Amino acid sequence: MPTGQSTEKGRAERGGPLPPSALLKAGTVSRLRVLAILVAVLLPSFMTALDNTAVNVALPQIQAELALSEADLKWVAAIYPLTLASLLLLGGHLADTVGRRATLSLGVALFTVASVGCSAAPSGMALIACRALQGAGAALILPASLAVLSHDLPPRARNAAFSATTAALASALACGPVVSGVMTQHLGWESVFAMNTPLGCASLLVGFLVPRPGLSPRAASTPSATLSLRVVALACCSLAALAYCLIEGPEQGFGSIPVATSVGIVAASAVGLSYELTSRRNTVLRLLFRQRPFVGGIITQLLWGLSVSGVYFFTSQFLQNGLGLAPTPAGLTFIPVALSLIVTTPFIARMARRWGDGRISAAGLLLVGLGLLMVALGSSGGSLVHIVPGLSAIGFGSALAVPLTTRALESSPDHLSGIAAGLFSAVREASGVVGIGLVGAIVSFVEHSAAAAGADDSDAFLSGYQSGLCLASALVGAGAPIALWALRHRRGTPEGERGASAFTSKPGP
């Protein structure tokens, strides 16, 4: 070892001050490491979000070229979020047992390989299988990436990382339909999946070059704990069976043998989960649910997913069927949501320090509810001009609500960060699937009632769509008092600690 390096090491071991050159070098390495972690997390997060929105525009061409039936096409669209929701808890389990960095790399590799398989799929069944593998890879990526951002970055860089990831996901949400429309029209539907390959390879390369962080004192002194595999298996079974009921029930009938069997599986899994969660030997979830911010974050995430996810699905139908827009212009309509998120995000930390995380989050949820009502009122105007203000309000409100998720994730112990992130992501994805069914049931009921009363098809659908928006608004608004309760300021909590969290890596609460 050179003499200068030995002297600097000796000073560091004795606790003495380092010379300015060593401090500058350490600061440069730290900045490069933070940047590398951001790239390794942002790319796969953007990739999974983009794939979740981009495929819908390519579905007509996929159906024509692969000669898919309506049921097969529905499974092509649904299998990705369903597999993602079913396996997210397993992803959180692996992040805490195998390691969050290793789990992230495994998820990126699986997602990249599955994307190559999708682009080369010769049949509908092969495409569905590869889409399921994509969902499995995304289920590893999401909790591991949240855990890496929460615990592998220094506190001062964490806020900027959450802000950058939120902006990246909002951009993917807005650009997905537009990019898919252009690529499908000029390069074919295969290119929509093939574009994930360079992103995945770049993320893996950067991830392998990032130096491993040392164990924090908190992590080193905390005994390892993880979620029971029985809980993970029961949760996967219940979510998969519930999803099958929602997809096949309306077509096969809820009294058919396969659907009735799925209902039985859901009931049996729910009983098993109740027993496991109340058992004294399973202390992991009991420990998480003792944290008030975590409980409040889970409940508001469920309400937000039930409402907003269903609204996105039916708003796309309204834009194309009601207003007669092509897929690409319909996708451009959602850009105000993403722009509102991006514009608002940099100011959240300052607003939270001034007015408190609870008040900001509650105001955000109320603003989302107000935006849904504005879209419901504006949809009667027959023009995009009347619904854009409501969509913008939804984006602003979703950005204001993100401190709730950040505080909830930071309230979890370090050794349970993967499970906490996986549980949050699972609730978000599962509530989205259920939200489409719940809002869809209201839309269908009101639409059929209006049609029976003599309304034409467009007016009947509009009545159902507006009723669904009103239900969604009520669900989101119910989360505002929960946010105030969950983030109520405790006496004796340092103000700096309260202001440390401002962002989450997901748009929405």
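Quick caveat: nothing in here was measured; it's all calculated off a predicted structure.

Rules of the game
Residues numbered from 1 in each chain as written. Predicted model: local features only at pLDDT ≥ 70, side-chain atom pairs only at ≥ 80, totals over all residues. Heavy atoms only, no water. Helix = DSSP H or I, 4+ residues; strand = E, 2+ residues; numbered from the N terminus. Contact = heavy atoms within 4.5 Å. Areas by Shrake-Rupley, 256 points an atom, 1.4 Å probe, with all protein chains shown as cover. Core = buried A, V, L, I, M, F, W, Y, C linked by side-chain atoms within 4.5 Å. Buried < 20%, exposed > 50% of the residue type's maximum accessible area, 1.4 Å probe, protein only. Domains from an automatic or database assignment. Phe/Tyr/Trp six-rings, centres within 6.5 Å; stacked < 30°, edge-to-face > 60°. Arc of directions from axis to C-beta. Disulfide = S-S within 2.5 Å. pLDDT = per-residue confidence, 0-100. Patch = residues over 30% accessible without salt bridge, like charges linked within 9 Å, V, L, I, M, F, W, Y side chains within 5 Å. Salt bridge = Lys/Arg side-chain N within 4 Å of Asp/Glu carboxyl O. Axes fitted to C-alpha atoms, helices over the stretch in contact; angles between N-to-C directions. Left-handed = near helix turned anticlockwise from the far one by under 90°. Nonpolar A, V, L, I, M, F, W, Y, C, P; charged D, E, K, R; others polar. Parallel < 35°, antiparallel > 145°, perpendicular 65-115°, else oblique.

## What about the overall build of the protein chain?
Phase 1 of the analysis: Within the protein chain, the regular secondary structure consists of 23 helices and zero strands.
Phase 2 of the analysis: Taking contacts inside the protein chain between residues at least 6 apart in sequence as the whole, the part at least 24 apart equals 83%.
Phase 3 of the analysis: Accessible surface for the protein chain amounts to roughly 21,900 Å². Of this, 67% is attributable to carbon and sulfur atoms.

## Quick notes on the nonpolar core
Phase 1 of the analysis: Leu 84 and Phe 294 are the most contacted members of the largest nonpolar core, which totals 36 residues.
Phase 2 of the analysis: Listing elements by their share of this core, those giving two or more residues are α2 (20–66), α3 (70–97), α4 (100–119), α5 (124–151), α6 (155–187), α13 (292–322), α19 (402–410) and α20 (417–452).
Phase 3 of the analysis: Looking at this core, the element that brings in the most residues is α5, giving eight residues.
Phase 4 of the analysis: Counting the residues that make up this core, at least three belong to each of domain 1 (25–209) and domain 3 (287–489).
Phase 5 of the analysis: If sequence neighbours within four positions are ignored, Phe 294 has contacts with Leu 288, Phe 289, Ala 408, Ser 411, Ala 420, Leu 423 and Phe 424.
Phase 6 of the analysis: Trp 304, Ile 394, Ala 401 and Phe 461 belong to the second-largest nonpolar core, a separate cluster that totals 32 residues.

## Regarding the packing of aromatic side chains
Phase 1 of the analysis: Considering all chains together, one arrives at three aromatic pairs under this definition.
Phase 2 of the analysis: Aromatic pair Tyr 80 and Phe 111: ring centres 6.3 Å apart, planes at 75°, arrangement edge-to-face. Taken together, the residues Tyr 80 in helix α3 and Phe 111 in helix α4 connect sequence positions 31 residues apart. Taken as a pair, Tyr 80 and Phe 111 share a single burial class, namely buried.

## Considering the environment of Lys 74
Phase 1 of the analysis: Assignment of secondary structure puts Lys 74 in helix α3.
Phase 2 of the analysis: Classification of Lys 74 as partly exposed rests on a relative accessible area of 33%.
Phase 3 of the analysis: When the C-alpha atoms of Lys 74 and Ile 128 are compared, they prove to be 9.9 Å apart, with 54 residues separating the residues in sequence.

## Points about helix α16 (residues 348–355)
Phase 1 of the analysis: Where α16 is concerned, the buried positions are Ile 348, Ala 349 and Ala 352. Summarising the axial view, the buried residues of α16 lie within an arc of 100°, below the 170-degree limit, and thus occupy one face. Exposed residues lying more than 90 degrees from the buried face of α16 are Arg 350 and Arg 354.
Phase 2 of the analysis: Gly 356, located one to two residues past α16, shows a positive phi value of around 100°.

## Considerations on the state of the cysteines
Phase 1 of the analysis: What the rule picks out here adds up to zero disulfides.
Phase 2 of the analysis: In this model Cys 118 remains outside any disulfide bridge; the closest cysteine sulfur is found in Cys 130, 4.8 Å from its own.

## Some points on the confidence of the model for the protein chain
Phase 1 of the analysis: Mean pLDDT over the protein chain stands at 74; residues scoring 70 or higher make up 77%.
Phase 2 of the analysis: Every residue in residues 214–225 is under pLDDT 50, and counting partners more than four places away or in other chains gives twelve contacts.

## Structural notes on a nonpolar patch on the surface
Phase 1 of the analysis: On the surface, Val 343, Phe 347 and Phe 396 cluster together to form a nonpolar patch covering roughly 280 Å² of accessible area.
Phase 2 of the analysis: Its location among the elements puts Val 343 in helix α15 (residues 335–344).

## Notes on the packing of α15 against helix α18 (residues 388–400)
Phase 1 of the analysis: Look at α15 against α18: their axes get within 7 Å of each other, and the N-to-C directions meet at 35°. As α15 packs across α18, the resulting crossing turns out to be right-handed. On α18, the residues that touch Pro 336, Val 337, Ser 340, Leu 341 and Thr 344 of α15 are Val 388, Leu 391, Ser 392, Gly 395, Phe 396, Ser 398, Ala 399 and Leu 400.
Phase 2 of the analysis: Here the contact of α15 with α18 is composed, by residue class, of eight nonpolar, five polar and no charged.

## So, the packing of α16 against helix α17 (residues 357–378)
Phase 1 of the analysis: At a minimum axis separation of 7 Å, α16 and α17 run at an interaxial angle of 120°. With respect to α17, the axis of α16 lies oblique. Mapping the contact onto sequence places Met 351, Ala 352 and Trp 355 in α16 and Asp 357, Arg 359 and Ile 360 in α17.
Phase 2 of the analysis: Here the residues of the contact of α16 with α17 sort into four nonpolar, no polar and two charged.

## Quick look at α19
Phase 1 of the analysis: Of all nine residues in α19, eight are buried, a share of seventy percent or more.
Phase 2 of the analysis: By the burial criterion, the buried members of α19 are Val 402, Pro 403, Leu 404, Thr 405, Thr 406, Arg 407, Ala 408 and Leu 409.

## What about the environment of Val 388?
Phase 1 of the analysis: Along the chain, the position of Val 388 falls in helix α18.
Phase 2 of the analysis: By relative accessible area, which is 28% here, Val 388 ends up partly exposed.
Phase 3 of the analysis: As a C-alpha pair, Val 388 and Met 374 span 14 residues in sequence and 9.0 Å in three-dimensional space.

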